[in-house]
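This is what each chain is made of:
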Amino acid sequence: MPAESNMLLAFIFIPLLTLLCLLAVKDLNRIRWISAAGMGLQLLNAIHLLVQFLIERSSGNLDPVLFEIQEEWYTAIRISLHFGVDGISVVMVVLTAIVTFAGIFASWTVSYWTKEFYFSLILLSMASFGFFISLDLFTLFFFYELAVIPMYLLIGIWGSGTKEYAAMKLTLMLMGGSALLMVGLLGLYFYSDPTGTNYTFDMLKIASVKIPIDAQRFFFPLIFVGFGIIGALFPLHTWSPDGHSAAPTAASMVHAGVLMKLGGYGCLKVATMLLPEAANEMSWIFIVLATAGVIYGAYTTIIQTDLKYINAYSSVSHCALVLLGICMLNRTAMTGAVLQMFSHGVMTALFFSLIGMIYERSHTRDITRMGGLLKVIPYLGTVYIIAGLCSLGLPGFSGFVAEITVFIGAFQNDDMFHRVATIIATTSIVVTAVYILRVVGIFLLGPVAHEEYHSLKDARWFERVATVTLLSAIVIVGIYPFWFSDMIYESLGGVVMNLGR
Amino acid sequence: MDSWSYIIWIPLLPLITFVAIGLFESRLTEKISGLAGCVSMGISTFLSYCAAWQYFFISGKSEEVYRKIITLDFTWLKLSPSLSVEWGILLDPVSVMMLVVITTVSLMVFIYSTGYMHGERGFARYFSFLSLFSFSMISLVLATGIVQMYIFWELVGVSSFLLIGYYYDKPSAVSACKKAFIVTRFADLFFLIGILIISWYGSSLDIQTLIARLTDAGSPEFQAIKNETFLGFSVLSVALLMVFIGGAGKSAMFPLHIWLPDAMEGPTPVSALIHAATMVVAGVYLVARLFPVYAISAPDVLTVIAYIAALTSLFAAVIACTQFDIKRVLAYSTISQIGYMLMSLGVAGWGGDREFGFMASQFHLFTHAMFKALLFLCAGVVIHTIHSNYMQDMGGLWKKMPITNIAFLTGCLAIAGIPPFAGFFSKEDVLTAAFEHDKFIYTMALITAGLTAFYMFRLYFRIFHYGTTAHHHDAKEHFSIMLIPLGILSVLSLVTGFIPFSEFVTPSGKPFYYHMHFNLVAYAVIVSVAGIVIATLFFYRRSALPVALAGKMRVIYLAVYNKFYIDEIYLFVTKKIIFNCISRPAGWFDRHIIDGIFVNGTANATGRVSEEIKGLQSGNIRHYLWFFAASSVIIILLFLFIYQP
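This write-up is about the structure you can find in this document. Everything numeric here is computed off the predicted structure, so don't read it as measured data. (Residues numbered from 1 in each chain as written. Chains lettered and ligands numbered in written order. Predicted model: local features only at pLDDT ≥ 70, side-chain atom pairs only at ≥ 80, totals over all residues. Heavy atoms only, no water.)

**Here's the deal with the overall build of chain A**
Okay, so step 1: Looking only at helices and strands, chain A has 21 helices and two strands in total.
Okay, so step 2: What you see for chain A is a C-alpha radius of gyration of 22 Å, in line with the 23 Å of a compact globule of 501 residues.
Okay, so step 3: Going through the 501 residues of chain A one by one, you find that 69% of them count as buried.
Okay, so step 4: Looking at chain A alone, contacts between residues at least 24 apart form 81% of all its contacts between residues at least 6 apart.
Okay, so step 5: Put simply, chain A shows about 15,500 Å² of open surface, and 67% of that area lies on carbon and sulfur atoms.
Okay, so step 6: Across chain A, the mean location of the 25 positive side-chain charges is 8 Å away from that of the 30 negative side-chain charges. (Helix = DSSP H or I, 4+ residues; strand = E, 2+ residues; numbered from the N terminus. Rg over C-alpha atoms; globule rule 2.2 N^0.38 Å. Buried < 20%, exposed > 50% of the residue type's maximum accessible area, 1.4 Å probe, protein only. Contact = heavy atoms within 4.5 Å. Areas by Shrake-Rupley, 256 points an atom, 1.4 Å probe, with all protein chains shown as cover. Lys, Arg positive; Asp, Glu negative; His and termini not counted. Charge placed at Lys NZ, Arg CZ, Asp CG, Glu CD.)

What follows is the structure in structure tokens.
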């Protein structure tokens, strides 16, 4: 086994080791530092992976997936631990590492059951890493399920507000998605071999099999909707506002930042890549839904007054853009979709971390009860404004790169239907500006609303670590998008080839 | 000398200043941040003068034509094999001219601001935002690609937003900056759609390539876009109109002008730089940049532009006559003057004499930047001294502020178009171009010229004469650094008119020579002088005339005074329609229909069903026996039914 392959296994083993270490300690500070160290190591590993990947590619290695590693897991039905990464997975792994690392620091002040909290959080992120590097559909599904469960605990135990309701709703809706997914994935399994002898869960193998169109028509919607639910596909998105607003800060960050991306990733790499004929035929349904989601999410955000609801609904709008990009079924739009996944992940994590920090100080998330916070907590206020500017697609931040790529890509389809959908989706840039500026205007700008706000303290060191990490990612991708976009663009070759076969 | 590598430093220096001041904002003293801003801007200005000298007089020309020079080019974002976002620096007469305007006015404003903003909270923040603006504006005019242009287009928008909202604890400033950003963003949406259409048909994002393809009737791209129609118009016309709407948003053309008067909430030097001299002419620049496409392939759009611009220009001049906030008067005057520039572009065409309008618009852009910046900076000195924006608090200041008085008078004479001030020459050219193309537009422009002279001198007299009004007795002009830019800009407002513009800035790069038409000149000057005379009668001394006149035409006066109620119409659309008729129902729908009926409904239904069937597990052995027997019978029957022999 070549040394590079261990790099992928490390994505599972580093969190596992961290979890084991966590079990062994009791001291609060040690718990924090072990988590921070583990996730810091993971972040370094992710960056190392990124660099190695770029080196391999620039040295002319054109394999569709790199650093492959395969171990038999359950031979009876040919399930194997099959890991490997392409450009898209690398981007997602980097995203996960960044968000989790920031999440550890953003939850520095969790006051009760801290060990269990960090345990669940790291378990969640481990599952996401596993998901993104899996090439075996069963393993993929296994990690997907593993990621959904800790969320229930995180919301139910450390949440706020109507946490039981929210936790239940989120978990059940996502489980509903899993049920559809399960059927879809088994469908793929049983059509994976036309001769009927060597069924496989291996995505690379299934990609080269042409599944009969009747079966595709049946399984494509199942898989797309199954993944779509966690990607906030309209109208199955309502778990997101309740779930995110009840969840503790770091859980919202990881969930909105990473877990919602499992949806987009699955829609792209499982539904579209493995069932391309059905994708060509049925994408229009999801274009309609995604366009509706973009606009609907944006307009609904305008009247929200709870900071977390605002961010959750705007996430519906931004994530719908991911699905829109995927459904446009061309290379540019799909590149944009993946960029948007990264951009939205980092940005929304930043938003949620800031909201948590602001809530800790003002003890309310209702914007109408706050005002003039920029003057008393200038650092947090400024970062919130920057995140807002990223969200409304200001050039120089990652949001712009993603949006313009999706829009230009979407416009390459030269029929009226796609054009109209694209133009409707572009109008969201105005609505986004309206709600972002409205929110900023109400609770950050203006005169200081309450006397006692003058005693508020600005960001502490761990809060700065969390925000600076996320902010750097936004700015780096905003200014140097070509690293990511080229990587993603060439990795989409397989999908595009399948779509055109 | 043919090296252009230093050009990159012109935008880069302000960028570095922005980042440096922005990062260490809280630790910097006023002196350091002010000095850093001025020095880096000074170097940029010097370099851009070098560039202008080198371009216009040494190596810009080949075979008597100014060529387009691209000095930097790299791929920033590759979108598809044919489309990629390139970053580059383009030098041609228009961009070099803009470079000079932007850096000159920026430098003046930077120097002025060190005095004006002295002692303000967030002095360093102010300079970092100002540097960000200069960087984005310079990069905007140097852009080679249309997406690159859009990027900086957005960045100047956001720096304008940040600077309008500089006094962010003032509610009026907050709503002004929101309004400015959202209105221009709305216009940018059309720009974006225009880019999408043009880039798809032209299959390129590079402006020069697009121009080449879309003006050549033989190219396949041109054929494709010409043959496609949308609502009866050629798609090319629609796309170019969309792009123009983007420009109209930034340049505050009717009906997207509403943000500019409110933008006066920002510090006065900001208004001078962004909302008078540079950013607001971005729309003019945009149309000028794509001018060959407009002129050759879609002259119908140019006509639309000319009419919208002429109307806006007249409309804004009328409103300016009734306002009392001195900065608002200047803002409406800016809208009116930009209307002149776009009108002049609109009446221009490709080749021969018709290129004259293009030259005139650029000339007017250039001189307007100088005298409007001057007027704003003077107004800033007045506001700084009186601590009020309103004419009612002013009057008789000429004695107390002699230098400002002279500078302001210079600006007024220049904008009124009195020879030999700069405005005279450029305005004559604009009017001549309009006269030769369309008499109706010319008439509107001529009326506007008269109104301009009237409201500017109304403004001047109300500030510096009009008897004496009660104001602070200690109001007195102190010598300060703020007066230096006033002096320089006054001189520029006097001399820039003598630049033979037609020898430098033309759409095709070919210089031409012309003479003024003396009878046209006479009309314009007579109209302007008439405006000044009326203003003198009304406002030199306190008189009952204006009030009486306003009383006679009460309805009209009120309509104009309230800016034709356009703000109210906008408010109605946004608040009533978008907020209450779209967003609120959408939010309700999400909570009560999707969530209430579908999601919770499913959950409740499941709960109820389980409530119902849990009675089956009664624990009663007799019930179980019954179920057992009944089920067995049913199963056996089923078997028999399915596997019947």
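**A word on the packing of helix 3 (residues 87-106) of chain A against helix 20 (residues 481-491) of chain A**
Residue and element names in this part refer to chain A.
Okay, so step 1: In the contact formed by helix 3 and helix 20, the axes pass within 7 Å of each other and the chain directions differ by 140°. It follows from the interaxial angle that helix 3 and helix 20 lie oblique. Across from Gly87, Ile88, Val90 and Val91 in helix 3, the residues of helix 20 making contact are Phe484, Met487, Ile488 and Ser491.
Okay, so step 2: Of the residues assigned to the contact of helix 3 with helix 20, the class counts are six nonpolar, two polar and no charged. (Axes fitted to C-alpha atoms, helices over the stretch in contact; angles between N-to-C directions. Parallel < 35°, antiparallel > 145°, perpendicular 65-115°, else oblique. Nonpolar A, V, L, I, M, F, W, Y, C, P; charged D, E, K, R; others polar.)

**Observations regarding the packing of helix 7 (residues 207-215) of chain B against helix 8 (residues 220-227) of chain B**
Residue and element names in this part refer to chain B.
Okay, so step 1: Contact geometry for helix 7 and helix 8: axes closest at 7 Å, N-to-C directions at 70°. By the angle between their axes, helix 7 is roughly perpendicular relative to helix 8. Read as a crossing pair, helix 7 and helix 8 show a hand that is right-handed. For the pair helix 7 and helix 8, contact is made by Arg213, Leu214 and Thr215 and by Glu221, Phe222 and Ile225, respectively.
Okay, so step 2: For the contact of helix 7 with helix 8, the residue count by class is three nonpolar, one polar and two charged. (Left-handed = near helix turned anticlockwise from the far one by under 90°.)

**Overview of unusual backbone geometry**
Okay, so step 1: Residue Pro235 of chain A follows Phe234 of chain A across a cis peptide bond; omega there is 0°.
Okay, so step 2: In this fold, Pro235 of chain A is placed in the loop between helix 8 (213-230) and helix 9 (239-246).
Okay, so step 3: Between Phe254 of chain B and the following residue, Pro255 of chain B, the backbone shows a cis peptide bond with an omega angle of 0°.
Okay, so step 4: With respect to the helices, strands and loops of the structure, Pro255 of chain B is situated in the loop between helix 9 (235-250) and helix 10 (259-262).
Okay, so step 5: A positive phi angle is found at Phe67 of chain A, which is not glycine, with a value near 55°.
Okay, so step 6: Of note, Phe67 of chain A is situated in strand 1 (residues 66-74).
Okay, so step 7: Even without being a glycine, Ala232 of chain A presents a positive backbone phi close to 60°.
Okay, so step 8: Here Ala232 of chain A shows up in the loop between helix 8 and helix 9.

**Here we look at empty space enclosed by the protein**
Okay, so step 1: Counted under the stated rule, the structure contains eleven cavities of 30 Å³ or more.
Okay, so step 2: Counted as a void, the largest cavity has a volume near 60 Å³.
Okay, so step 3: Around the largest cavity, the lining residues are Gly393, Phe400, Glu403, Ile404, Phe407 and Ile429 of chain A together with Tyr150, Glu154, Arg185 and Leu192 of chain B.
Okay, so step 4: Those elements giving two or more residues to the lining of the largest cavity turn out to be helix 16 (398-410) of chain A together with helix 5 (146-164) and helix 6 (171-202) of chain B.
Okay, so step 5: In terms of residue count, the dominant contributor to the lining of the largest cavity is helix 16 of chain A (four residues).
Okay, so step 6: Taken together, the residues of the lining of the largest cavity break down into six nonpolar, one polar and three charged.
Okay, so step 7: By volume, the second largest cavity is sized at about 50 Å³.
Okay, so step 8: Lining the second largest cavity, in full, are Leu137, Phe138, Phe141, Met182, Leu185, Leu186 and Phe201 of chain A. (1 Å grid on protein atoms, 1.4 Å probe; cavity = no way out; pocket = protein on both sides within 12 Å on 5 of 7 lines; lining within 4 Å. Points joined across faces, edges and corners; volume = space filled by probe spheres on them.)

**Thoughts on the pairing of strand 4 (residues 84-91) of chain B**
All names here are of chain B.
Okay, so step 1: The buried count for strand 4 comes to seven of eight residues, which makes it a mostly enclosed element.
Okay, so step 2: The sheet contact formed by strand 3 (residues 69-78) and strand 4 spans eight bridges and is antiparallel. Within the sheet, the bridge partner assigned to Leu77 lies in strand 4 and is Val85.
Okay, so step 3: Counted between consecutive antiparallel strands, the loop separating strand 3 from strand 4 contains five residues. (Pairing = 2+ DSSP bridges.)

**Some thoughts on helix 10 (residues 249-274) of chain A**
Residues and elements named next belong to chain A.
Okay, so step 1: Here helix 10 is 26 residues long and its end C-alpha atoms lie 36 Å apart, about the 38 Å a rise of 1.5 Å per residue gives.
Okay, so step 2: At His255, helix 10 shows its largest bend, some 35°.
Okay, so step 3: Of all 26 residues that make up helix 10, 26 are buried, and the element is covered over most of its length. (Expected span 1.5 Å × (residues − 1). Bend = angle between axes of the 7 residues up to and from the residue.)

**Thoughts on a nonpolar patch on the surface**
Okay, so step 1: Together, Ile634, Ile635, Leu638, Phe639, Phe641, Ile642 and Tyr643 of chain B line one region of the surface with nonpolar side chains, adding up to about 820 Å² of accessible area.
Okay, so step 2: Along the chain, Ile635 of chain B turns up in helix 25 (residues 621-642). (Patch = residues over 30% accessible without salt bridge, like charges linked within 9 Å, V, L, I, M, F, W, Y side chains within 5 Å. Salt bridge = Lys/Arg side-chain N within 4 Å of Asp/Glu carboxyl O.)

**Some details on the pairing of strand 2 (residues 79-85) of chain A**
Okay, so step 1: Of all seven residues that make up strand 2 of chain A, six are buried, and the element is covered over most of its length.
Okay, so step 2: Counted between consecutive antiparallel strands, the loop separating strand 1 of chain A from strand 2 of chain A contains four residues, among which Arg78 of chain A sits at a positive phi close to 55°.

**Some points on the interface of chain A and chain B**
Okay, so step 1: Taken residue by residue, the interface counts 56 residues in chain A and 48 residues in chain B.
Okay, so step 2: Buried area between chain A and chain B, summed over both chains or domains, comes out near 4,700 Å², and the portion from carbon and sulfur atoms is 74%.
Okay, so step 3: At the surface where chain A touches chain B, the tally comes to two salt bridges.
Okay, so step 4: The class makeup of the residues in the side of chain A that touches chain B is 35 nonpolar, 14 polar and seven charged. (Buried area = accessible area lost by both parts, 1.4 Å probe.)

By themselves these figures say nothing about function.
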